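# Structural characterization, general
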Amino acid sequence: MSQFPDIARAMLVFAHPDDADLSAGGTVAKWTRAGVEVAYVICTSGQRGSKDPTMTPSRLAEIREAEQLDVARYLGVKKTIFLRHMDGELEATKAFRGEIAMLIRRYTPDVIVTHDPWMLYQLHPDHRAVGITTVDAVVAARDHLYLLDQAEIGLPPHQPKELLLARAEKPDYVVDISDTMELKIEAVSRHHSQLDHVPGWRERVRELAASRGSAEGFTYAETYKRIQFR
Ligand SMILES: [Zn+2]
């Protein structure tokens, strides 16, 4: 019997390569080990995430997509979809909402994980835009009078069982990742372009996970705001 009997498929929608792994890597490792089919939707290729003066956006995109694919293989993520929007320029438009809704209808996930768009003082515009667009896309994907053009090409409405907002302002769902913490650290470390030059990140990731688990008595945890449907 699976540890997650209600979840056959999970979809994570995040702004940049490394966001999903930093926010939810321990949860993803638990899911894939339990046989859950996991898909990553990475909205930008992180083309601007470098302080190297010799780097170009297109080369960085190539590097970061390769890093994300390596991590996906390592964690057992089945499918990684790069939407290749420009880093730093995402906006919560109707077109972007339709794009995410189409993927929800196509992959029919039972659970969707994304950025918490209501996180206070969330500075990165891409994180806000992806969070709110994904929440809106859940609504558009589930009702049959929305997105009739998608239904016409064989993508009927789909409603997930739940939505998990990562790094939530007011979390109410705690996932014990004590047994997958080392997998998370290894996964995150494979985003070399982002972390190789950052001293002490492992300790900070551990401290955060430990503080999130402390109230429940878990060594390490990831926490979410959980919105259940039906
Ligand atoms: Zn990010």
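Higher on the page you've got the structure.
A brief report on the enclosed structure follows. None of the values given here were measured: they were computed from a predicted structure.

What counts, and where the lines are drawn
Residues numbered from 1 in each chain as written. Predicted model: local features only at pLDDT ≥ 70, side-chain atom pairs only at ≥ 80, totals over all residues. Helix = DSSP H or I, 4+ residues; strand = E, 2+ residues; numbered from the N terminus. Buried ≥ 20, exposed ≤ 12 C-beta atoms within 10 Å, placed from the backbone. Core = buried A, V, L, I, M, F, W, Y, C linked by C-beta atoms within 7 Å. Contact = placed C-beta atoms within 7 Å. Axes fitted to C-alpha atoms, helices over the stretch in contact; angles between N-to-C directions. Parallel < 35°, antiparallel > 145°, perpendicular 65-115°, else oblique. Left-handed = near helix turned anticlockwise from the far one by under 90°. Nonpolar A, V, L, I, M, F, W, Y, C, P; charged D, E, K, R; others polar.

## Topic: the environment of S58
Position of S58 among the secondary structure elements: in helix α2 (residues 57–75). With 10 C-beta atoms counted inside 10 Å, the residue S58 sits in the exposed group. Along the backbone, S58 and D19 are 39 residues apart, and their C-alpha atoms lie at a distance of 19 Å.

## Section: the nonpolar core
Core analysis: the biggest nonpolar cluster contains 46 residues, and A10, L12, V13, V41 and I104 have the highest contact counts within it. The leading source of residues in this core is helix α4 (residues 125–142), at seven residues. Leaving out residues up to four positions away in the same chain, V13 has contacts with V41, C43, I100, I112, T114, V130 and T134. By size, the runner-up hydrophobic cluster in this structure holds seven residues, among which are V175, I177, V205 and A221.

## Remarks on the packing of α2 against helix α6 (residues 181–189)
Where α2 contacts α6, the axes come no closer than 9 Å and their chain directions differ by 160 degrees. The angle between the axes of α2 and α6 places the two elements in the roughly antiparallel class. By crossing handedness, the relation of α2 to α6 is classed as right-handed. Across the interface between the two elements, V71, Y74 and L75 from α2 touch L183, E186 and A187 from α6.

## Considerations on the packing of helix α1 (residues 19–33) against α6
It is at 8 Å that the axes of α1 and α6 come closest, and there the two elements cross at 135 degrees. With respect to each other, α1 and α6 are oriented oblique. Read as a crossing pair, α1 and α6 show a hand that is right-handed. Of α6, the residues touching α1 (which contributes D21, L22, G25, G26 and A29) are M181, L183, K184, A187 and V188. Taken together, the residues of the contact of α1 with α6 break down into six nonpolar, two polar and two charged.

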